[in-house]
There are 2 protein chains.
Amino acid sequence: MSHLYAVIMAGGAGTRFWPASRSDRPKQLLPLAGKGNEPLIAASVRRILPICPAERVWVVTARHLTDATRAVLPDLPAENFLSEPAPRNTAPCIGWAAAAIRRRDPEALVMVLPSDHFIGDEPGFRAALLRAVEASKGCSVATIGITPTRPETGYGYLEKGEDLGAGIRAVHRFIEKPDLARAEVFASSGQHLWNSGMFFFRAGEMLGLIRKHLPDLAKGLDRMERAAALGDEAAEIDNVFPTLPSISIDHGVMEKAERVAVVEASFGWSDVGSWQSSWELADKDAQGNAAPQSAVLVDARGNLVSDLRTKATGQVIALVGVDDLAVVLTDDALLVIPRSRSQDVKKALDEVKRRTK
Amino acid sequence: MSHLYAVIMAGGAGTRFWPASRSDRPKQLLPLAGKGNEPLIAASVRRILPICPAERVWVVTARHLTDATRAVLPDLPAENFLSEPAPRNTAPCIGWAAAAIRRRDPEALVMVLPSDHFIGDEPGFRAALLRAVEASKGCSVATIGITPTRPETGYGYLEKGEDLGAGIRAVHRFIEKPDLARAEVFASSGQHLWNSGMFFFRAGEMLGLIRKHLPDLAKGLDRMERAAALGDEAAEIDNVFPTLPSISIDHGVMEKAERVAVVEASFGWSDVGSWQSSWELADKDAQGNAAPQSAVLVDARGNLVSDLRTKATGQVIALVGVDDLAVVLTDDALLVIPRSRSQDVKKALDEVKRRTK
């Protein structure tokens, strides 16, 4: 599809992977899932290249992350990196990318994809992307909904609406992260899907939706567009972008737009939300340990050892007689926590912050 | 007591404190018990100074440990360090020290003390030392036996013999580390004491015992003595010491000597045999954690955090939701192990050795 473009959203910070993730080293730059040392964002780009060549892959990231992000994506053109001077949530991010891409190709079809998710079945994933792009041609915005496999309370859900034909459904409504009781209903209803956070649209259509539902954002994008026409885009972005309304594309556009379509799919998807899911997605030995070859594990089962230090220390990591722990090493921290308590990482981070105030 | 000398035995290597203890950084050089960062050997010297001034405290250590040992005992005279060119167990060590001290003071009374034990009640300990020195005047060798407080299988035992008066008993026999059933008998018999590994004797008497029971050792000591008289001791030690019989003072002398006396005492003694005992002897917070102030402990109980790194890394150590672990950091290793499995440290060390072969 020669008009197909991808926008990888890579602005997130995320505290759930402390001490690995930090404001200057967010989750997408880390190898938190799957084999080897591939950062999540590198995997996110690699797996779409068979359907979308590098020159049509764009990345939106924060100003202070741009260099580090480019470093792990050396095959993308420098001009495809959009560097946000301030975080304004996803609607300004997507609006800016849509405008920039439409300027290059007025007929652009855009896939907006997260930078920090895991995909188990990559061919199945690409097939679903192409189905969603097709769906987007006949509606305002399309998304992908994942068939739930468990009553997950960490994800948002979509409720399926009318049948639009060709296996495509309208989205009846978006549902925030539910409690367990509701998640159990959703997981078995057959009418609910996990919200994958992926969006598919024609660039011009998205800009029209923004003009209709988020006029202040549209005005800001117009100013940036005029500056771009005058060859003065960089300075105007610094002026305008921080003044844009901070709002998510879900609340700002998706929930208001008519004819939002959802393509249902299953391709081993995870948002890699915690050390627990990092362990689940990792290659493990016969004892269920996900650890570097160099780690010494004696009578230890089900542990995650994540050594994300950038400096070679020669330090041996030895676990003896412990089960189901996450042991994470970075240059500036060591964390030991039961995998099952991964969500409590934030408590340690809060305490570290309190002390360094 | 102006003829009182102390010999601190500091030759041990020990693998039970891996990764902290290594051949070049043995247990006695590490702060493994009590408050602050005082190495065990520094505490061993400090607590006897009220009864034995620094100029009469001698230290026997391995050649390769001499510099490191002197560095933590800056107040002792350089000439009081005896540096073994090869490990020959405790009988040659004690024989050499007895000969060297007798040369300085023919009437010397010698206390041989371990370098790597913990003492809870230091005044009580000093009182027991003085009682044992007194006892040694009227017998061949005296020792201190600790009143057992539990059926410990990690210690050797003494069985009390005839009453020698003044609260002193003869040693009926020495008993190797028992199994639990025997330890339970010993702990409640009233007739058994823990063998503290401390020896008290007149220097000349000990040399006489060695001549009688270990004639080969006596001959070697004679050669070293003649060389010392000629001012040529250093070279002769290198020649002779490695040829001396490798035998413990317990087997070589104590078990053969007549009139071995034991002074019974209780002063909160531990041989600091494992990370478990290091935790038991450490200052702990209200949640039972023994950890540096800098460590972040969230909902964690009963843990030992031992940070023995020599290089400042600024690395925060965070434990969240874990109980009763030992987490040990050194420059070259990280160990995570349940305290209760401290004895399995050796398994990790064996694996590390296997890999680096």
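What you see is a predicted model; the values in this text were computed from it and never measured. Counting restarts for each chain: residues are numbered from 1 in the order of the written sequence. To read the labels, note that chains go from A and ligands from 1, taken in the order they are written. Thresholds applied to this predicted model are a pLDDT of at least 70 for local features of residues and 80 or more for the giving and counting of side-chain atom pairs; totals over whole chains, interfaces and linings are not thresholded and use all residues. Here the side-chain values reflect all heavy atoms present in the structure, with hydrogen atoms and water set aside.

*Asks:* How should the confidence of the model for chain A be read in this particular structure?
*Replies:* Do not read the fine detail of predicted coordinates wherever pLDDT is low. Note on scores: pLDDT gives the predictor's confidence for each residue, bounded by 0 and 100. Put simply, chain A has an average pLDDT of 93, and 99% of its residues get 70 or more. In the predicted complex, the global pTM is 0.83; the interface-specific ipTM is 0.82.

*Asks:* Explain the relation of the copies chain B and chain A here, please?
*Replies:* Once turned by 180° and shifted 0.0 Å along the axis, chain B lies on chain A with an RMSD of 0.1 Å. In the structure described here, the two chain copies are related by an operation that fits a two-fold rotation axis. Among all residues of chain B, the minimum C-alpha distance to the rotation axis is found for Val-336 of chain B, at 4.3 Å. Of the interface residues in chain B, 100% have counterparts in chain A that sit at the interface too, so the contact is made through matching surfaces. Superposition of the copies was done by least squares, using only C-alpha atoms of residues whose pLDDT is at least 70 in both. Residue contacts follow a heavy-atom distance rule, with two residues in contact if any of their heavy atoms lie within 4.5 Å.

*Asks:* Looking at this structure, I do not really get the packing of aromatic side chains. What am I missing?
*Replies:* Describing an aromatic ring pair means giving the distance of the ring centres and the angle of the ring planes. Only the six-membered ring of Trp is used, alongside the rings of Phe and Tyr, when aromatic pairs are assigned; centres must lie within 6.5 Å, and planes under 30 degrees apart are stacked while those over 60 apart are edge-to-face, with the rest tilted. Applying the stated rule across the entire model yields 14 aromatic pairs over all chains. On the numbers, 4.8 Å between centres and 75° between planes, the contact of Phe-17 of chain B with Trp-275 of chain B is edge-to-face. One end of the pair, Phe-17 of chain B, is in the loop between strand 1 (4-10) and helix 1 (40-46); the other, Trp-275 of chain B, is in helix 10 (residues 275-281), with 258 residues separating them in the sequence. Exposure classes here rest on a 1.4 Å probe applied to the protein chains alone. A residue is buried below 20% of its type maximum, exposed above 50%, and partly exposed in between. Of the residues examined, Trp-275 of chain B reaches a relative accessible area of 0% and is grouped as buried. Taken together, a centroid distance of 5.1 Å and an interplanar angle of 75° make the contact between Phe-125 of chain B and Phe-267 of chain B edge-to-face. On the criterion of sequence distance, the pair formed by Phe-125 of chain B in helix 4 (residues 122-137) and Phe-267 of chain B in the loop between strand 10 (260-265) and strand 11 (269-270) is long-range, its members being 142 residues apart. Summarising the burial analysis for this pair, Phe-125 of chain B and Phe-267 of chain B share the class buried. Members of the aromatic cluster, joined through ring pairs, are Tyr-155, Trp-194 and Trp-269 of chain A. Looking at Arg-56 of chain B, its charged tip hangs above the ring of Tyr-5 of chain B, at a distance of 5.9 Å from the centre. In DSSP terms, a helix is any run of H or I states spanning at least four residues, a strand is any run of E spanning at least two, and both are numbered starting from the N terminus. Any Lys NZ or Arg CZ found within 6 Å of a ring centre and within 35 degrees of that ring's normal is scored as a charge over the ring.

*Asks:* Help me understand the sheet that holds strand 16 (residues 333-338) of chain A in this model?
*Replies:* In sheet architecture, strand pairing relies on hydrogen bonds along the backbone and comes in two forms, parallel and antiparallel. When DSSP finds two or more bridges between a pair of strands, those strands are recorded as paired. Taken in spatial order, the 5 strands make up an open sheet running 13(A)-15(A)-16(A)-14(B)-12(B), and their pairing is mixed. Whereas interior strands pair on both sides, the edge strands pair on one side only; in this sheet they are strand 13 (304-307) of chain A together with strand 12 (296-298) of chain B. Shown here is a sheet whose adjacent strand axes are inclined to one another by a mean of 10°, direction ignored. Bridge count for strand 15 (residues 325-330) of chain A against strand 16 of chain A is 6 bridges, and the pairing is antiparallel. Its bridge partner being in strand 16 of chain A, Val-328 of chain A is matched across the sheet by Leu-335 of chain A. Angles shown run from 0 to 180 degrees and are taken between the N-to-C directions of axes, each axis being a line fitted to C-alpha atoms and, for helices, limited to the stretch in contact.

*Asks:* What's the story with the pairing of strand 8 (residues 168-175) of chain B in this structure? I'm lost.
*Replies:* Walk down a regular strand and you will see the side chains alternate between the two sheet faces. All names here are of chain B. Pairing of strand 7 (residues 157-165) with strand 8 involves 6 bridges; the strand directions are antiparallel. The residue of strand 8 that forms the bridge with Leu-158 is Phe-174. With antiparallel pairing between neighbouring strands as the criterion, strand 7 and strand 8 make up a hairpin whose turn holds 2 residues, including Ala-166 at a positive phi of roughly 55°.

*Asks:* In this structure, what is going on with the interface of chain B and chain A? I would like to understand it.
*Replies:* It is common to report an interface's size as the accessible area lost on association of the parts. Each partner contributes residues to the interface: chain B has 37 residues there, and chain A has 37 residues. Buried area, as used here, totals the accessible surface that two parts lose on assembly, with accessibility defined by a 1.4 Å probe and the loss added over both. On the chain B side of the contact with chain A, Gln-315, Val-320 and Leu-334 of chain B bury the most area, a combined 22% of that side's loss. By convention in these notes, a salt bridge is any Lys or Arg side-chain nitrogen within 4 Å of a carboxyl oxygen on Asp or Glu. Our enumeration of links across chain B and chain A arrives at 2 salt bridges. Arg-341 of chain B serves as the salt-bridge partner of Asp-299 of chain A, at 2.7 Å between the closest nitrogen and oxygen. Looking at the side of chain B that touches chain A element by element, the count peaks at 6 residues for strand 16 (residues 333-338) of chain B. Of the residues assigned to the side of chain B that touches chain A, the class counts are 21 nonpolar, 7 polar and 9 charged. Residues are sorted three ways: Asp, Glu, Lys and Arg are charged, Ala, Val, Leu, Ile, Met, Phe, Trp, Tyr, Cys and Pro are nonpolar, and all the rest, Gly among them, are polar.

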